[in-house]
Amino acid sequence: MSAHTGHPPRREPRGILPWLATPALVVFVGFAVIPLIGVFALSFTTWDGIGAIRSSGLASWRTVLTDPGLPHALWVTFLVMAVSWAVQTPLSILLGTFLAGRQRYRAVLGVVYFIPLTLSSAAIAIAYKALLDPNFGLGAGLKIQMLSQDWLGRPGLAFGVVVFVVSWQFIPFHSLIYQGGVQQIPKSLYEAAQLDGAGRIRQFFSITLPQLKYTIITSSTLMVVGSLTFFDLIFVLTGGGPGDATRVLALDMYKRGFQASLMGPASAIAVILVLVGLTLALLLRRLGGGDAGASQLEGA
């Protein structure tokens with residue numbers, strides 16, 4: 001029989017935990033759910049952004065869904081998403097793995113690599129637009145013929161520039177994610193691999209990549225969903241041109257809503273963007289096994 005200490009049993013403060021999430025829930029509802037409901041309702045109206053809002057039923061949706069420019073904007077959006085993912089992911093993994101080392105110079109390089117993420121997308125677009133100017137840019141100044149091309153005036157080159165600038169800006173962020181993921185991998189796995197005679201390349205493909213499975217899913221989700229919102233950089237850099245070569249869905253929404261004063265169709269495109277983002281996020285979650293609580297440390 002245990003001795004009676006005279007003190008009442010200690011209660012765990014479980015009842016207070018849900019209340020701690022209330023501020024975040026209020027912010028999420030106020031700045032995400034309510035505006036989304038408003039945009040969805042606005043997609044069934046006719047509004048020029050200033051005058052009265054008039055109900056128009058499915059007219060805005062018919063306008064958007066029958067517009068031949070919508071499939072093209074969707075195609076460009078998915079193309080930017082796929083190509084930028086294919087460029088950013090391997091480079092981010094390699095940089096993150098390299099920066100996870102304990103050498104002091106790698107920490108300094110990590111700070112240097114992170115600088116592009118601290119800059120404004122509009123400022124980056126202005127800088128690259130000036131550097132790539134065929135008459136007064138970097139190529140003309142250095143007398144390098146290859147750099148003096150009309151980078152933003154030819155569809156293929158303009159698309160490549162957009163992907164390059166997007167990757168240049170966001171690779172540091174994803175490298176930081178992978179750096180944290182690599183640092184969480186148990187050192188015992190690498191020690192055992194060394195005893196078995198595995199080199200660094202074999203360790204990378206047999207240990208590092210499998211252990212980064214959930215980190216890759218997380219990074220890919222942020223990368224793919226985030227690519228749906230590329231607007232300011234493309235708007236300043238190419239304006240969607242030449243022609244419609246870089247006219248992504250977010251830019252199409254802006255041009256309809258704020259340049260053509262068609263808030264109904266613009267709201268319909270916004271709803272389409274949300275649905276596409278949710279679908280892709282769910283697919284990536286299913287690809288990762290759908291286990292939100294799964295640990296990255298499968299070998300731990």
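Note that the structure is predicted; figures quoted are calculated from it, not measured.

Quick notes on the rules
Residues numbered from 1 in each chain as written. Predicted model: local features only at pLDDT ≥ 70, side-chain atom pairs only at ≥ 80, totals over all residues. Heavy atoms only, no water. Phe/Tyr/Trp six-rings, centres within 6.5 Å; stacked < 30°, edge-to-face > 60°. Axes fitted to C-alpha atoms, helices over the stretch in contact; angles between N-to-C directions. Helix = DSSP H or I, 4+ residues; strand = E, 2+ residues; numbered from the N terminus. Left-handed = near helix turned anticlockwise from the far one by under 90°. Contact = heavy atoms within 4.5 Å. Nonpolar A, V, L, I, M, F, W, Y, C, P; charged D, E, K, R; others polar. Salt bridge = Lys/Arg side-chain N within 4 Å of Asp/Glu carboxyl O. Buried < 20%, exposed > 50% of the residue type's maximum accessible area, 1.4 Å probe, protein only. Core = buried A, V, L, I, M, F, W, Y, C linked by side-chain atoms within 4.5 Å. Parallel < 35°, antiparallel > 145°, perpendicular 65-115°, else oblique. Arc of directions from axis to C-beta.

A. Structural detail: the packing of aromatic side chains. Enumeration according to the criterion identifies ten aromatic pairs in this entry. By way of ring pairs, the aromatic residues Phe231, Phe235, Tyr254 and Phe258 are connected into one cluster.

B. Inspection of the packing of helix H4 (residues 69-99) against helix H11 (residues 213-227) at higher detail. The N-to-C vectors of H4 and H11 enclose an angle of 145°; their axes lie 10 Å apart at closest approach. Crossing geometry of H4 relative to H11 is assigned as right-handed. Contact with H4, carried on its side by Met81, Ser84, Trp85, Gln88, Thr89 and Ile93, involves Ile216, Ser220, Met223, Val224 and Ser227 of H11 and no other residues of that element. Taken together, the residues of the contact of H4 with H11 break down into six nonpolar, five polar and no charged.

C. Structural detail: the pattern of salt bridges. Taken as a whole and judged by the stated rule, the model has four salt bridges. Across the pair aspartate 67 and arginine 256 runs a salt bridge whose closest N-O atoms are separated by 2.3 Å. Taken together, the positions of aspartate 67 in the loop between helix H3 (59-65) and H4 and arginine 256 in helix H13 (residues 249-259) put the pair 189 residues apart, joining distant regions of the chain. With relative accessibility at 22%, the residue aspartate 67 sits in the partly exposed group. In this structure, arginine 247 and aspartate 244 form a salt bridge, with 3.9 Å as the shortest nitrogen-oxygen distance. Here the salt bridges do not stand alone but share partners, grouping Asp67, Asp244, Arg247, Asp252 and Arg256 into one network.

D. Highlighting the side chain of serine 219. Tracing the sequence through the fold places serine 219 in helix H11. A relative accessible area of 0% means that serine 219 is categorised as buried.

E. Layout of the nonpolar core. Core analysis: the biggest nonpolar cluster contains 20 residues, and Val80, Val161, Val165, Leu233, Ile234, Leu237 and Val248 have the highest contact counts within it. Mapped by element, the contributors of at least two residues to this core are H4, helix H6 (121-131), helix H8 (155-183) and helix H12 (232-237). Sorting elements by how many residues they give to this core places H8 first, with six residues. Ignoring sequence-local partners within four residues, the contact set of valine 80 consists of Phe159, Phe230 and Val248. Core analysis: the next-biggest nonpolar cluster, separate from the first, contains 17 residues, Val64, Leu249, Ile269 and Leu280 among them.

F. Broad picture of the environment of glycine 243. Secondary-structure assignment places glycine 243 in the loop between H12 and H13. When the C-alpha positions of glycine 243 and arginine 154 are compared, they lie 9.3 Å apart, and in sequence the two are 89 residues distant.

G. Structural detail: the packing of H8 against H11. Contact pair H8 / H11: the axes reach a minimum separation of 10 Å and the direction vectors enclose 165°. The angle between H8 and H11 falls in the class roughly antiparallel. The two elements H8 and H11 meet at a crossing, and its hand is right-handed. Between H8 and H11, the contacting residues are Phe173, His174, Ile177, Tyr178 and Gly181 on the first element and Thr215, Ile216, Ser219, Leu222 and Met223 on the second.

H. View of helix H10 (residues 200-211). Taken together, the buried positions of H10 are Gln203, Phe204, Ile207, Thr208 and Gln211. Down the axis of H10, the buried side of the element spans an arc of 125°, and every buried residue falls inside it. The outward face of H10, more than 90 degrees from its buried face, is lined by the exposed residues Ile201, Arg202 and Phe205. Buried residues along H10 sit in contact with H4, H8, helix H9 (187-195) and H11.

I. Inspection of unusual backbone geometry at higher detail. Glycine 241 connects to proline 242 through a cis peptide bond whose omega is 0°. Of note, proline 242 is situated in the loop between H12 and H13.

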